[in-house]
Amino acid sequence: MQKDLKDRLADILEFTREKNPLCFQITNYVTVNDCANVTLAIGASPAMADEKKEVESLVNIASSLYLNIGTINKRVKKSILKATKKANKLDIPVILDPVGIGVSKFRKDLVDNLLKNYKIAVVRGNISEIKAILNVSSKSKGADASFEDLENIENSIKLANKLAKKYKTVVAITGKVDVISNGKEVATIENESDDLPKITGTGCMCTSLVASFCGAKKDMIFEATVLGVLTMALNGELATISSKSSGLGTFYKELFNKISKFDRAILLSKAKINLV
Amino acid sequence: MQKDLKDRLADILEFTREKNPLCFQITNYVTVNDCANVTLAIGASPAMADEKKEVESLVNIASSLYLNIGTINKRVKKSILKATKKANKLDIPVILDPVGIGVSKFRKDLVDNLLKNYKIAVVRGNISEIKAILNVSSKSKGADASFEDLENIENSIKLANKLAKKYKTVVAITGKVDVISNGKEVATIENESDDLPKITGTGCMCTSLVASFCGAKKDMIFEATVLGVLTMALNGELATISSKSSGLGTFYKELFNKISKFDRAILLSKAKINLV
Amino acid sequence: MQKDLKDRLADILEFTREKNPLCFQITNYVTVNDCANVTLAIGASPAMADEKKEVESLVNIASSLYLNIGTINKRVKKSILKATKKANKLDIPVILDPVGIGVSKFRKDLVDNLLKNYKIAVVRGNISEIKAILNVSSKSKGADASFEDLENIENSIKLANKLAKKYKTVVAITGKVDVISNGKEVATIENESDDLPKITGTGCMCTSLVASFCGAKKDMIFEATVLGVLTMALNGELATISSKSSGLGTFYKELFNKISKFDRAILLSKAKINLV
């Protein structure tokens, strides 16, 4: 079973590098460069844009649509809604990163609107963000998960299942241990790195990876999401090892080295995934 | 005295890494990623946003507010004014980086408005920018200081004092030698690196560091500002040494390595600070 | 002849590092940081801004104007037109990067407007983008050239000549082999790197280099364009060699190392340029 899953993930990884799917990303201006680079590093093709007049054209040629509200504003909100409507019409998977949803009603309303009125294939967030979506009290601080929220894994699984069932979506909660649920199956990933939270955008990049894999295999959204989360966690772990405590500059460089070299053999030998 | 100052700075550094203050940054899209990463590297937590509808919510949870006009536009100008008003009301320190103030009346008017009608805790700029604020003739070119302005240190001290007194603020003029004044005390920093001006955003990042420390210790704004400027100058110096003339790619990597590893021992042994 | 060209290019390179021209760049928020850094690394001075109220002031002090439509929106479109009008009036060279022109009518209309109604000194794009300008059918996908379009060099030369003559401009088509034409002279560059297309923004950065050199030598636009394209191709080649298959993180670091160290001796010994 476990073996089977790893093999399927490795298939998706190789298929993505071969197929080079176009992943249209409406995202924030903080981490957008890293999101584009991680998309390229995994073998997909990024297209970043946010003008309302052209988002439909971009959805038309895209294999997946990635939405990230990290620096959302009123103008881009309209582009997001228009693009999502089009993606739903064309049956292109929409992957949502609810960055910092806890910081304002403006963000919460947009995420609620997206989840209630559109088909969202995947939601990827930290535990504080997932709690905010579910109106569970949390002490989210900006875009980072609060320490209080980094609690036991059983609670994360419960929340992931709840959200997945509520909106018929796949939910990924990333943290020390990552949890992915489609409401029926649940996977946890135990690869980890203390350095990942010290670099901005590793969450956003993780979602870009999920969107890249979903673009390649839209009939395997759960597996594509597990693979996206695994790619960041496992390569973060390897990057921490090879950067040998040199500091965050070296870790950042190694992270891109490892992701660009990620392949079947590394996945099969290093992935720590459990189906629970 | 000098020893005392260094110890106090080391205390702030350690306190910041422990307290992890949230620093809300309304900044430009050129260097925003580096600003977020340097904030994380020093142990604070960055939140980047600029939508008028949510800036008050963000100020509400922030420990400091960082304003940077590097790619300012009419929309974000309104967000800046709204956020600053709120920060003043809540007594949260506001740190201003008047990037490229000399290039347009639009920038000059905004900075004048901020300094005249709001409480600004710190202004950090290069000598050309500080001159532009004071209406002293200068040959500022874009965001970089002009060669003509990189003159004697006595003049920088005079200008820093003048601006500090005029607006009851702390002023940092960064350059080969850095000058920090609160109108009474003046510190100079002699750590330096020829590579720092060759990387975009080292000024913006320096101000993010100042804002991070101000967020941790809002009753010690002068010291927090000295520490922010020192962190960039000293670690730039160390990064130049360890990059061994490999080029700007290696210097950039080393800069983040050094800042992420910066601690009391390094500060006490390497800082070249004078109270004048 | 070939020797002469290389010497002239080396002269422009040295002159640029000495003169430090200000290159005003209205560009996208994906690769803007790399564009600013590459401008600094080659010895020019970048100024990034897009507010309509100040673009004329910036053109006034600039030596060249760089336009990039990578994340274009309605607001910035107006700023681009205003800045270009002013640059034409002041006889400042305008360098255009038609990023992803094939993805929407919005982009195509803007590029057509610029080429038909303004003086554009240089257009730099990949083969898919150049085809889209000429209404030649292509399978452009997002901002990357489609595989189908990476065809024989003779066709690229034909298209570059056609576009150059049509709008009395210099055209650079970058790819495995790069082609630069002013409608009379044609240069090809055979330095190459498989890693360059795997990093986002190497096209945008290449155009920043072209704009930097055009700012230094506006009476030698053809040579400045050849030098800009050569700088990226040759240093990409060197970076691939020195990164020794470590991965894209190391390649990125090495790319900036090499560009920042690029000088006459390296150019004369490593450049693979042909006049055809």
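Since this is a predicted model, take the numbers as computed values, not measurements.

**Points about the overall build of chain A**
And step 1. From N to C terminus, chain A includes eleven helices and nine strands.
And step 2. For 276 residues, the compact-globule formula gives about 19 Å, and the C-alpha radius of gyration of chain A, at 17 Å, lands near that figure.
And step 3. Taken along the three principal axes of its C-alpha coordinates, chain A extends 45 × 40 × 40 Å.
And step 4. Across the 276 residues of chain A, 67% fall into the buried class.
And step 5. The contacts in chain A between residues at least 6 apart in sequence include a share of 72% that link residues at least 24 apart.
And step 6. Within the structure as shown, chain A displays about 9,700 Å² of accessible surface, and the carbon and sulfur contribution to it stands at 51%.

**Things to note about the UniProt feature "binding site: ATP" (unreviewed entry) in chain A**
Residue and element names in this part refer to chain A.
And step 1. According to UniProt, the positions carrying the feature "binding site: ATP" (unreviewed entry) are Arg124 and Thr174. For the residues just named, distributed over 51 residues, the greatest C-alpha separation is only 7.4 Å, placing them together at one site.
And step 2. With respect to the helices and strands, the residue Arg124 is situated in strand β5 (residues 122–126).
And step 3. What Arg124 contacts, discounting residues up to four positions off in sequence, is Leu96, Asp97, Pro98, Ala172, Thr174, Gly203, Cys204, Cys206 and Thr207.
And step 4. Here Thr174 lies in strand β6 (residues 170–174).

**Considerations on the environment of Met232(C)**
Residue and element names in this part refer to chain C.
And step 1. Relative to the elements of secondary structure, Met232 occurs in helix α9 (residues 221–243).
And step 2. We classify Met232 as buried; its relative accessible area is 4%.
And step 3. Met232 sits 30 residues away from Thr202 along the chain, and the two C-alpha atoms are 7.6 Å apart.
And step 4. Apart from residues no more than four positions distant in its own chain, Met232 is found in contact with Leu196, Thr202, Met205, Cys206, Leu209, Leu255 and Ile259.

**Here we look at the interface of chain A and chain C**
And step 1. In this assembly, 27 residues from chain A lie in contact with 28 residues from chain C.
And step 2. Together, the buried faces of chain A and chain C total about 2,300 Å²; carbon and sulfur atoms form 55% of this surface.
And step 3. Across the contact surface, chain A and chain C share one salt bridge.
And step 4. Among the salt bridges present, the one from Glu54(A) reaches Arg107(C), with a minimum N-O distance of 2.6 Å.

**Some points on the UniProt feature "binding site: substrate" (unreviewed entry) in chain A**
Residues and elements named next belong to chain A.
And step 1. Sites flagged by UniProt as "binding site: substrate" (unreviewed entry) map to Met48 and Gly201.
And step 2. Along the chain, the position of Met48 falls in strand β2 (residues 45–48).
And step 3. Residue class for Met48 comes out buried when judged on its relative accessible area of 9%.
And step 4. The residue Gly201 is located in the loop between β8 (186–189) and α8 (202–216) in this model.
And step 5. Its relative accessible area of 10% is what places Gly201 among the buried residues.

Analysis parameters
- Residues numbered from 1 in each chain as written.
- Chains lettered and ligands numbered in written order.
- Predicted model: local features only at pLDDT ≥ 70, side-chain atom pairs only at ≥ 80, totals over all residues.
- Heavy atoms only, no water.
- Helix = DSSP H or I, 4+ residues; strand = E, 2+ residues; numbered from the N terminus.
- Rg over C-alpha atoms; globule rule 2.2 N^0.38 Å.
- Buried < 20%, exposed > 50% of the residue type's maximum accessible area, 1.4 Å probe, protein only.
- Contact = heavy atoms within 4.5 Å.
- Areas by Shrake-Rupley, 256 points an atom, 1.4 Å probe, with all protein chains shown as cover.
- UniProt positions renumbered as here; feature names shortened; annotations may be inferred.
- Buried area = accessible area lost by both parts, 1.4 Å probe.
- Salt bridge = Lys/Arg side-chain N within 4 Å of Asp/Glu carboxyl O.

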